[in-house]
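# Descriptive structure summary
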Amino acid sequence: MSQTTVDIDEIEWGDTPIKHCEFIRSTRRISSMKPEDIEDMVVNATLGSLSREDKEFIVRNMAPTLEECIKGSKQTRITYLYNLMKLLTYRYKMYKNLFYGAVKASDLVKTEEYHQRVFHHYEALRSLKKRLIGGKELLLRDMPKVEFPQ
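In this report, we go over the structure that sits alongside the text. These numbers were taken from a predicted model, which means no experiment stands behind them. Along each chain, residue indices are assigned from 1 in the same order as the chain's sequence is written. Residue-level local features of this predicted model are given only where pLDDT is at least 70; pairs of side-chain atoms are given and counted only at 80 or more, and the full residue set underlies all totals for whole chains, interfaces and linings. Hydrogens are left out, water is left out, and the side-chain values use all remaining heavy atoms of the structure.

## Topic: the packing of aromatic side chains
Threshold: For Phe, Tyr and Trp, where Trp contributes only its six-membered ring, two rings pair if their centres lie within 6.5 Å, and the inter-plane angle classes them as stacked under 30 degrees, edge-to-face over 60, or tilted in between. Secondary structure elements are taken from DSSP: a helix is a run of H or I of four residues or more, a strand is a run of E of two residues or more, and numbering for both begins at the N terminus. Whether a charge sits over a ring comes down to the Lys NZ or Arg CZ being within 6 Å of the ring centre and within 35 degrees of the ring normal.
One pass over the structure, following the stated rule, counts 4 aromatic pairs. Aromatic pair Phe-57 and Tyr-90: ring centres 6.4 Å apart, planes at 15°, arrangement stacked. Residue Phe-57 is found in helix H4 (residues 52-61), and its partner Tyr-90 is found in helix H6 (residues 74-104); the two are separated by 33 residues along the sequence. The lysine or arginine in question, Arg-91, covers the ring of Phe-57, its NZ or CZ lying 4.0 Å from the ring centre.

Right under this line is the structure:
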């Protein structure tokens, strides 16, 4: 797409569909997870629904890496999942804006593509939240609001 790298520190947590206090409460679960459970949660459940391009974008912009997360300390795991949540939300919002731009331009092919990518990012966030918060569902109304391009 338009950006190949992004500064993860510039993305605000306020846009993520998980409350910060819920994420903090889930840190106990994160720290006690087995390495294979973390890998399954990230690779299969979360990133499994994304396109190859989006997976590569997330891998390229993640710090720490998945390997560092799996072998790292509790704080490394928390930082990784925190940044993963922010990147997924960032791409969700980006595709939502592109979707509205394509609708406005009456480009049906791009509209369908961006709509599908928005849905895939929603599913990735929903799956991650469900795993972190212990089954609590992510509702569409909880997703970040996106300003329509004028």
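## So, the layout of surface pockets
The method is simple in principle: a probe with the dimensions of a water molecule rolls over the atoms, and the space it marks as empty is what remains. What counts, and what does not: A cavity here means a set of points on a 1 Å grid, drawn over the protein atoms and nothing else, where a 1.4 Å probe fits but cannot get out; a pocket is an open set with protein on both sides within 12 Å along at least five of seven lines, and a residue lines either one if it has an atom within 4 Å of a point. Grid points are joined across faces, edges and corners, and a volume is the space filled by probe spheres set on the points. Following the grouping adopted for this structure description, the nonpolar residues are Ala, Val, Leu, Ile, Met, Phe, Trp, Tyr, Cys and Pro, the charged ones are Asp, Glu, Lys and Arg, and the polar ones are all others, Gly among them.
Quantified by volume, the largest pocket comes out at close to 170 Å³. What lines the largest pocket is Val-42, Val-43, Leu-47, Lys-55, Val-59, Met-62, Thr-65, Leu-66, Glu-67 and Tyr-80. Contributing elements (two or more residues each) for the lining of the largest pocket: helix H3 (35-46), H4 and helix H5 (66-71). Classifying every residue of the lining of the largest pocket gives 7 nonpolar, 1 polar and 2 charged.

## Observations concerning the environment of Thr-16
Filter applied, for reference: Contacts are assigned to residue pairs with any non-hydrogen atoms lying within 4.5 Å of each other.
Note that Thr-16 resides in the segment before helix H1 (20-25). Considering only alpha carbons, one finds Thr-16 and Thr-89, 73 residues apart in sequence, at a separation of 5.8 Å. Setting aside chain neighbours within four positions, we find Thr-16 in contact with Met-85, Lys-86 and Thr-89.

## Description of the nonpolar core
Just so we agree on the cut-off: What is meant by a nonpolar core is a set of buried Ala, Val, Leu, Ile, Met, Phe, Trp, Tyr and Cys residues, joined one to another through side-chain atoms within 4.5 Å. Relative accessible area decides the class of each residue, using a 1.4 Å probe on protein chains only: under 20% of the type maximum gives buried, over 50% gives exposed, and in between gives partly exposed.
Ranked by internal contacts, the top residues of the largest apolar core, which has 39 residues, are Ile-58, Leu-81 and Leu-84. Where this core is concerned, the elements lending two or more residues are H3, H4, H5, H6 and helix H7 (108-132). Once you skip the residues sitting within four places of it in the chain, Ile-58 turns out to touch Leu-47, Leu-50, Leu-84, Leu-87 and Leu-88.

## Quick look at a negative patch on the surface
Stated precisely, the cut-off is as follows: Candidates for patches are residues over 30% relative accessible area with no salt bridge; among them, like charges are joined within 9 Å and nonpolar side chains (Val, Leu, Ile, Met, Phe, Trp, Tyr) within 5 Å. For the accessible areas, the method is Shrake-Rupley and the probe is 1.4 Å, while residue cover comes only from the protein chains on display. Salt-bridge detection follows one rule: a side-chain nitrogen of Lys or Arg within 4 Å of a carboxyl oxygen of Asp or Glu. Within this scheme the basic residues Lys and Arg register as positive and the acidic residues Asp and Glu register as negative, but His and the chain ends are omitted. We put the charge of a Lys on NZ, of an Arg on CZ, of an Asp on CG and of a Glu on CD.
Residues Glu-36, Asp-37, Glu-39, Glu-67 and Glu-68 make up a contiguous surface patch of negative charge. Contributions of two or more residues to the negative patch are made by H3 and H5. Considering every element that reaches the negative patch, the biggest residue donor is H3, with 3 residues. For Glu-68, a relative accessible area of 43% gives the class partly exposed.

## Some thoughts on the side chain of Lys-86
Filter applied, for reference: In protein, a polar contact means a hydrogen-donor-capable atom and an acceptor-capable atom, both N or O and within 3.5 Å, with residues adjacent in sequence counting only if both atoms are side-chain atoms; elsewhere, any N or O pair within 3.5 Å suffices.
Residue position: Lys-86 is located in helix H6. No salt bridge is formed by the buried Lys-86. Its closest oppositely charged neighbour is Asp-9, at 5.0 Å. Polar side-chain contacts of Lys-86 include one of 3.3 Å to the backbone oxygen of Ile-8. Apart from the residues within four sequence positions on either side, Lys-86 is in contact with Ile-8, Asp-9, Ile-11, Trp-13 and Thr-16.

Function cannot be inferred from these measures alone, as they are strictly geometric.
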